[in-house]
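# Chain and residue survey
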Amino acid sequence: MAVLEFKPRIVTPSRILICPQCGYENDGDHKFCGQCGFGLIPTPRTTKQRYVPKSKHTKVPLKTLEEINAFEQTLLNAPRKKTAYRNGVLFRTGISIGLRAGDLVKLKANQFLKADGSPRDALYVIEQKTNKGREIKLDSRLADMVAGYVEDLKIGSNDYLFWSQDSTGHILRKSLNDNIIRPAAQRLGLDTRLYGSHTLRKTYAYQFYTQANALSRERGYRALSMLCKELGHSSEAITLCYIGIDKEEVCEICGLTADQYDWGFAEALREEFNEEE
């Protein structure tokens, strides 16, 4: 499998810059305020580091159908068939609806199925990070897959879809990272530092945007606007950086300078790490 193009970057801020316009605290290497976009004045003051350690890396999306199928197959081919089935459905669900990992692992059967066992048209969740409700239209193929999975494994209506043997009843985000996604990446000969729960969310967003953009630039713009709102980003440039679009394309679409792109990338990186806390 070809090496993905979206290269990891590392954030190592040691100071902050106070925006003279709005007072927002920015990383010391930013040229523009992350709150209001005002040009920053280099009057840094040191502070206790609140951001990410040097060892952390961004996660990458699966960009091609070949990569997606290979990842899914290596999950389904694991020795323990029941667990492999669960992990395959979890993977397909994650790349189809784009929920944060903390919300994904807590999904229950009754969120996908009606009382009579028939698939729902939409999934309703209250997102843990924002505490806001969100309705997600379900693709019929995904809904049918989940219905078959629930029937095959005799999962109760109020039971977690992605069960675990521990006291929580569902697998944890850490387990999704360490026991499912990274081992699959390792079996495929990929750099495991670049794969984790964010790979599922980013794959969903990357596919949504690029498939729309392939039809027309206008549809791509609409898809980008929808994703920006859905992912909770403050700008479309951050969204494009987050989902792994190449620098040249981000700068062209958003009309950014190199410094503005670096600001967008740093914000996307911070968004990712904040979601892991």
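We now turn to the structure provided with this report.

Reading the values: the criteria
- Residues numbered from 1 in each chain as written.
- Predicted model: local features only at pLDDT ≥ 70, side-chain atom pairs only at ≥ 80, totals over all residues.
- Heavy atoms only, no water.
- Buried < 20%, exposed > 50% of the residue type's maximum accessible area, 1.4 Å probe, protein only.
- Helix = DSSP H or I, 4+ residues; strand = E, 2+ residues; numbered from the N terminus.
- Pairing = 2+ DSSP bridges.

### Overview of the pairing of strand β4 (residues 122–126)
By the alternation rule, side chains of β4 split into Leu123 and Val125, which are all buried, and Ala122, Tyr124 and Ile126, of which none is buried. Where β4 lies against strand β5 (residues 133–137), 5 bridges are found, and the strand directions are antiparallel. Note on β5: the bridge partner recorded for Ile126 is Gly133. Hairpin connection, β4 to β5: the antiparallel pair is bridged by 6 residues, and Asn131 has positive phi, about 60 degrees.

### Comments concerning the environment of Ala109
Topologically, Ala109 is positioned in the loop between α3 (101–104) and β4. Judged by its relative accessible area of 2%, Ala109 is buried. With 51 residues separating them in the primary sequence, Ala109 and Tyr160 have C-alpha atoms 6.3 Å apart.

### Section: unusual backbone geometry
In this structure, Asn131 takes a positive phi of about 60 degrees despite not being glycine. Relative to the assigned elements, Asn131 resides in the loop between β4 and β5. Of the residues examined, Asn131 reaches a relative accessible area of 62% and is grouped as exposed. Positioned with a positive phi, Lys154 is a non-glycine residue whose angle comes to about 55 degrees. Within the element layout of this structure, Lys154 appears in the loop between α4 (140–152) and α5 (173–187).

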